[in-house]
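A structural walkthrough
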Amino acid sequence: MTDGGLSKFQARMKAIPKSVRKAVEPALAQGGYEIAEAMEALAPEDSGDLVTSIAVTLPRQTTPPYSQPGGSFVVPENQVAITAGSTDVRYPHLQEYGTKHHTAQPFFWPGFRLARKRAENRVKRAIRKAIREA
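Quick summary incoming for the structure in this document. (Residues numbered from 1 in each chain as written. Predicted model: local features only at pLDDT ≥ 70, side-chain atom pairs only at ≥ 80, totals over all residues. Heavy atoms only, no water.)

Here's the deal with the overall build of the protein chain
Looking only at helices and strands, the protein chain has 5 helices and 2 strands in total. Of the regular secondary structure in the protein chain, the N- to C-terminal order runs α-α-α-β-β-α-α. Seen along its three principal axes, the alpha-carbon backbone of the protein chain occupies a region of about 55 × 35 × 25 Å. Taking all 134 residues of the protein chain together, 35% fall into the buried category. For the protein chain, long-range pairs separated by at least 24 residues make up 51% of all intrachain contacts whose partners lie at least 6 apart in sequence. (Helix = DSSP H or I, 4+ residues; strand = E, 2+ residues; numbered from the N terminus. Buried < 20%, exposed > 50% of the residue type's maximum accessible area, 1.4 Å probe, protein only. Contact = heavy atoms within 4.5 Å.)

Following this line, the structure appears as structure tokens:
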């Protein structure tokens, strides 16, 4: 039984110096904030609570409780989490996908798809630059 290349990938990731991983964090954060801005621009603003509940959580930090998708968790190294919802705003998934009585008003995934490519390219450039400098 094979692991689908997971062991090779893990070995390659361990070979990347910590300084390179640390140098990529600002690009990750900037990309996360850009994606969150796109989501905020698309979110409906009846009371403004949904827009203010969109949060960017940086590596090694905990996401807000009751946030969507996934609830509260610690963001791993070299990742950024963008969540919607909080203890006061528990309806982002209903807004995104709709209900029997409310039509969907998607904001989360369309905002992600709009800004993802630019954020990915920024992170790739930061990785290449950090590896060259290391």
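From this point, things continue past the structure.
Re the side chain of serine 67
Within the secondary structure, serine 67 is located in the loop between strand 1 (55–57) and strand 2 (81–83). Within the structure, the side chain of serine 67 is placed 2.9 Å from the backbone oxygen of proline 64, a separation counted as a polar contact. Not counting residues up to four positions away in its chain, the partners in contact with serine 67 are Ser72, Thr83, Ala84 and Gly85. (Polar contact = N/O pair within 3.5 Å; in protein donor to acceptor, adjacent residues only side chain to side chain.)

Thoughts on a nonpolar patch on the surface
A grouping of Leu6, Phe9 and Met13 is seen on the molecular surface, where their side chains present a nonpolar patch of about 270 Å² in accessible area. Along the chain, the position of leucine 6 falls in helix 1 (residues 6–15). Under the relative-accessibility criterion, leucine 6 is labelled partly exposed at 44%. (Patch = residues over 30% accessible without salt bridge, like charges linked within 9 Å, V, L, I, M, F, W, Y side chains within 5 Å. Areas by Shrake-Rupley, 256 points an atom, 1.4 Å probe, with all protein chains shown as cover. Salt bridge = Lys/Arg side-chain N within 4 Å of Asp/Glu carboxyl O.)

Remember that the coordinates give geometry; whether it matters functionally is a separate question.
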